[in-house]
Amino acid sequence: MNTIDNIKEVKAFIDFVANENCGKCTLCRIGVKRLSEILNNVINGNEDIEQKTALELGNTIKLGALCDFGKNAANVLLLIIDGIFQKKEFDNTVLTAINNFYSEFKERAVTGTIGKSVEFFIDANKCKKCSMCSRHCPAGAISGVIRLEPFQINQNKCIKCWTCFSVCKFGAVNVKK
Amino acid sequence: MKDTVNIKINGIPYEVEKNLTILEASRICGYDIPILCHWDHDYCAVGSCRVCLVGIKEGNNTRLVSSCSTTIFDGIDIDLLSPLVLRARKTSVELLLSNHSKECQQCPKNGNCELLNVAKIVGADENKFSGKTQDRVIDISNGITRDSSKCVLCGRCVEVCNKQQGIGVLSFKNKAFENVVSPTKDLLKDSGCIFCGQCVLACPTGALMENSSIKLVDEAFEKKKKVIVQVAPAIRAAIAEAFEQKIGVLGAGKMFSALKKLGFYRVFDTNFGADLTITEEAEELVERIKNKKVLPQITSCCPAWINYMERFYADLIPNISSCKSPHQMEGAIIKSYFAQKHNLMPDDIFVVSVMPCTAKKDEIKRKENKTADFVDVDAVLTTREIIFMIKRAGINWSLLPDGEPDNDLIGEYSGAGAIFGVSGGVMEAALRTAYFKLVKKEADILFFKDVRGLQCVREATINIGEKDIKVAVVSGIKNAVPLLQDVRNKKSPYTFIEIMACPGGCINGGGQPYVKECFFLDKNVRNTYIEKRSSILYNVDEKKKIRQSHNNEDIKKLYNDFLIKPCSELSHKLLHTTYSKKDKFSQ
């Protein structure tokens, strides 16, 4: 059953992702905003919105957003869409997903460090030269030799998407705010 | 042997060079991917618009990445065709359209708009999404108008302003949906903008445009004023491009016929003004060399550079030539000499300059220019605006005969005036005349060819008499900074420096027609259009019999009848100006 608290939680989450993304890529800036508008409409009882549009938009953001923030936000939003249209309730999966999202992104978002005014550095001592970061970097900004040389970030190419930060398993990527 | 990698596009194997982006590799293999925010790989690879999304197949999954910023690797399986990819691109454009002012009919960018172009390619439905739109800010400054509702936040203008020009007026502000590109102090005029207009050339939509003066010109016609038009040297190098001709076609003849058909009282060529500028500027240079005054002398033809200098290098004011820019000089002569000879009142004359420049629009409003009792130039139109007026009048470009400017007192021009539109042209023209004044004989034309070229900073050593003088030519305002620091520290080895704010000079000015091929990333065009445009002007110079400004008969007559001699009292009143230190953050 939907409790008032659950709905509140979901609404807060929708507002959070719509207002706290960095606003750099279209899919997050306008896409998440539009999706949040659609979902808010549905939650407020306006039923005549097509589920298909919402699903398509959510899936596109999930796959196509620039950084992990957008992709993960869309993932949770898709669960919410599922909750609204299929199950007609928000169960624990949704709430857990929201909490997981918060634990990963809330600090970054609230301190305004998603997207800009930060610099990323790889700690050469911690770097295990696994190439995980350079393989995932969407900007091709990270160079190094696998197993031989520690990896480095070219600041001119870096697009501040936090991908390297998320994928590094050894905490070697440092953020300078 | 070149390093190559094996890639697959839509399942078909190809072998291409290493280290290309997916976008470049697919272009080589014959696939066009729509792009919006991408501008130039050296400056910009932000991947923010998400219009160029492609899929990378990894087993059963497909990952979407922006093709402009992702580098290819061996064995990559690129997917350009699946519904997933096509839908993602369409969604991106539809989302952009949902926050875009839908005033395409009245938008001056219509016809050159990249957003409309990609919308057409991906088949976007502009009404698919709707919702809250951003607050609209329309910022009208003297040179450039910014309409935030048309901005797609591609960041090209930010890149150009920061990295190419090194000024940094524009930047991103706020986060999430409220993210905007905005000048530092909200309004362009308060933020130290020099109005070079390079951002206007970079903008894919109509968010940044010149501040249109067509209305002013129409009103002048309505008031039955004598509307006199003058055309800058650089216009003829680019105007034909807008009429479906290739880059590198001289448009001078047809342009003059078209202007006469538009009903202007007289059609003049700013080349005459350029000759006049040279006569004055060379005299000033000779005087500085002879009397060992402040050197190096720095040119003052570029109003964007003057704006920059007044804000950031005001201590160099003694180095700047006091000459007004050519169109201002010509305007002043039209309203004094020409008006006198024809018994006209300066107030009845309305001088329109057609310029490749957005900064000239700001220049005519400078307080310092009002040395005489009239405004030198009443309105400045950019190349794009005059093209609009020609098209609006229904003039068929291809049927136009070749015409000439009116030969009425100030009609003649020399080859030296013609090359003003190219970076290095002012320098070469001034040296031709200064050489004559110092050595008392004409120099061979090719004597100064070292100042020509396409690099943004060039220097040359010229032997004048027994003395060698060093000169430098700079285009692109950022490239001038090291030289200016030297001048400031009194370490500069140069005698004469030419500075143009736009890379390549006026032919690549902020008011010139958009080079459409650049939108589609044709590298050959991007690297050569400046060269092609400049070779047009050098050809004009070559075909001229008279190639030195001081040999222009109309200039000689002007000095005999009216101005007496270069740098005389009257010419100082009409043709020279002053500069003053300005605050970085307001006008």
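Because the structure is a prediction, the values reported are computed rather than measured. (Residues numbered from 1 in each chain as written. Chains lettered and ligands numbered in written order. Predicted model: local features only at pLDDT ≥ 70, side-chain atom pairs only at ≥ 80, totals over all residues. Heavy atoms only, no water.)

## Here we look at the overall build of chain A
Argument step 1. A count of helices and strands for chain A gives 7 helices and 4 strands.
Argument step 2. Going from N to C terminus, chain A has its helices and strands arranged as α-α-α-α-α-β-α-β-β-α-β.
Argument step 3. In chain A, which comprises 177 residues, the proportion classed as buried is 51%.
Argument step 4. Accessible area for chain A stands at about 8,300 Å²; split by element, carbon and sulfur atoms hold 50% of it. (Helix = DSSP H or I, 4+ residues; strand = E, 2+ residues; numbered from the N terminus. Buried < 20%, exposed > 50% of the residue type's maximum accessible area, 1.4 Å probe, protein only. Areas by Shrake-Rupley, 256 points an atom, 1.4 Å probe, with all protein chains shown as cover.)

## A look at the pattern of salt bridges
Argument step 1. Counted according to the given criterion, the structure contains 40 salt bridges over all chains.
Argument step 2. The shortest N-O distance in the salt bridge between Arg488(B) and Asp315(B) comes to 2.8 Å. Here Asp315(B) lies in the loop between helix H10 (303-312) and helix H11 (326-341) and Arg488(B) lies in helix H16 (residues 481-488), a separation of 173 residues in the sequence.
Argument step 3. Note on Asp315(B): relative accessible area 41%, which makes it partly exposed.
Argument step 4. Salt bridges sharing common partners tie together Lys52(A), Glu56(A), Lys90(B), Glu94(B) and Lys128(B). (Salt bridge = Lys/Arg side-chain N within 4 Å of Asp/Glu carboxyl O.)

## Brief notes about the confidence of the model for chain A
Where the model shows low pLDDT, its predicted coordinates should not be examined in detail.
Argument step 1. Looking at chain A, pLDDT values average 80 and 86% of them are 70 or higher.
Argument step 2. When pLDDT is averaged over each helix and strand of chain A, the minimum, 76, is found for helix H7 (residues 163-167) of chain A and the maximum, 89, for strand S3 (residues 149-153) of chain A. (pLDDT = per-residue confidence, 0-100.)

## Considering the domain arrangement of chain A
Argument step 1. When its domains are assigned, chain A resolves into domain 1 (4-110) and domain 2 (119-176).
Argument step 2. Distance between the C-alpha centres of domain 1 of chain A and domain 2 of chain A: 29 Å. (Domains from an automatic or database assignment.)

## Here's the deal with the domain arrangement of chain B
All names here are of chain B.
Argument step 1. By domain assignment, chain B separates into domain 1 (4-96), domain 2 (134-209) and domain 3 (215-575).
Argument step 2. Between the C-alpha centres of domain 2 and domain 3 the distance comes to 27 Å.
Argument step 3. Contacts between the two partners involve 18 residues from domain 2 and, on the opposite side, 21 residues from domain 3.
Argument step 4. In total, domain 2 and domain 3 occlude about 1,700 Å² of area from one another, counting both sides; carbon and sulfur atoms represent 55% of this.
Argument step 5. Inspection of the region where domain 2 meets domain 3 yields 0 salt bridges.
Argument step 6. Linking domain 2 to domain 3 there are 10 residue pairs in polar contact (both at pLDDT 80 or more).
Argument step 7. Counting only elements with at least two residues in the side of domain 2 that touches domain 3, the list comes to helix H4 (156-164) and helix H5 (198-202).
Argument step 8. In terms of residue count, H5 provides more of the side of domain 2 that touches domain 3 than any other element does, 3 residues in total. (Contact = heavy atoms within 4.5 Å. Buried area = accessible area lost by both parts, 1.4 Å probe. Polar contact = N/O pair within 3.5 Å; in protein donor to acceptor, adjacent residues only side chain to side chain.)

## Thoughts on the interface of chain A and chain B
Argument step 1. With 33 residues of chain A in contact, the opposing surface of chain B contributes 34 residues.
Argument step 2. Taken together, both faces of the contact between chain A and chain B bury some 2,800 Å²; the carbon and sulfur share is 55%.
Argument step 3. The largest per-residue losses of area from chain A upon contact with chain B belong to Arg29(A), Arg34(A) and Leu63(A), which jointly make up 22% of the total buried on that side.
Argument step 4. The tally of links between chain A and chain B comes to 1 salt bridge.

## Details of the packing of H11(B) against helix H19 (residues 553-563) of chain B
Residue and element names in this part refer to chain B.
Argument step 1. The geometry of H11 relative to H19 is characterised by a closest axis approach of 12 Å and an angle of 75° between their N-to-C directions. By the angle between their axes, H11 is roughly perpendicular relative to H19. Across the interface between the two elements, Ile-333, Ser-336, Tyr-337, Gln-340 and Lys-341 from H11 touch Lys-557, Leu-558, Asp-561, Phe-562 and Leu-563 from H19.
Argument step 2. Split by residue class, the contact of H11 with H19 holds 5 nonpolar, 2 polar and 3 charged. (Axes fitted to C-alpha atoms, helices over the stretch in contact; angles between N-to-C directions. Parallel < 35°, antiparallel > 145°, perpendicular 65-115°, else oblique. Nonpolar A, V, L, I, M, F, W, Y, C, P; charged D, E, K, R; others polar.)

## Looking at the sheet that holds strand S14 (residues 349-355) of chain B
Residue and element names in this part refer to chain B.
Argument step 1. The 4 strands lie next to each other as S12-S11-S14-S15, forming an open sheet whose pairing is parallel. Two strands lie at the open edges of the sheet, namely strand S12 (266-269) and strand S15 (379-382), each paired on one side alone. The average undirected angle you get between the axes of adjacent strands in this sheet is 25°.
Argument step 2. Judged from the 4 bridges that link them, S14 and S15 form a sheet pairing that is parallel. Counterpart to Met-355 in the pairing with S15 is Thr-382. (Pairing = 2+ DSSP bridges.)

## Remarks on the sheet that holds strand S1 (residues 4-9) of chain B
All names here are of chain B.
Argument step 1. Sheet architecture is open: 5 strands sit in the order S2-S1-S5-S3-S4, paired in mixed fashion. Of all the strands in the sheet, just strand S2 (12-17) and strand S4 (61-66) have a single pairing partner and so form its edges. The mean inter-strand angle of the sheet, taken between neighbouring strand axes irrespective of direction, is 35°.
Argument step 2. The strands that helix H2 (residues 83-98) touches are strand S3 (53-58), S4 and strand S5 (77-79); relative to S3, the one it contacts most, it runs at about 150°.

## Here we look at the side chain of Arg432(B)
All names here are of chain B.
Argument step 1. Assignment of secondary structure puts Arg-432 in helix H15 (residues 425-439).
Argument step 2. A polar atom in the side chain of Arg-432 sits 2.8 Å from the backbone oxygen of Arg-547.
Argument step 3. Those residues in contact with Arg-432, other than ones at most four positions away along the chain, are Gly-415, Ala-416, Ile-419, Ile-445, Phe-448, Arg-452, Asp-541, Arg-547, Gln-548 and His-550.

## A closer look at the packing of helix H9 (residues 270-290) of chain B against H15(B)
The description of two packed helices rests on the angle between their axes and on the distance between the axes.
All names here are of chain B.
Argument step 1. The contact between H9 and H15 brings their axes to 9 Å, and the two run at 60°. Here H15 runs oblique to H9, going by the angle between their axes. Judged by the twist between their axes, the crossing of H9 over H15 is right-handed. Facing Ile-278, Thr-279, Ala-282, Glu-283, Leu-285, Val-286, Ile-289 and Lys-290 of H9, the residues of H15 in contact are Val-426, Ala-429, Ala-430, Thr-433, Ala-434, Lys-437 and Leu-438.
Argument step 2. For the contact of H9 with H15, the residue count by class is 10 nonpolar, 2 polar and 3 charged. (Left-handed = near helix turned anticlockwise from the far one by under 90°.)

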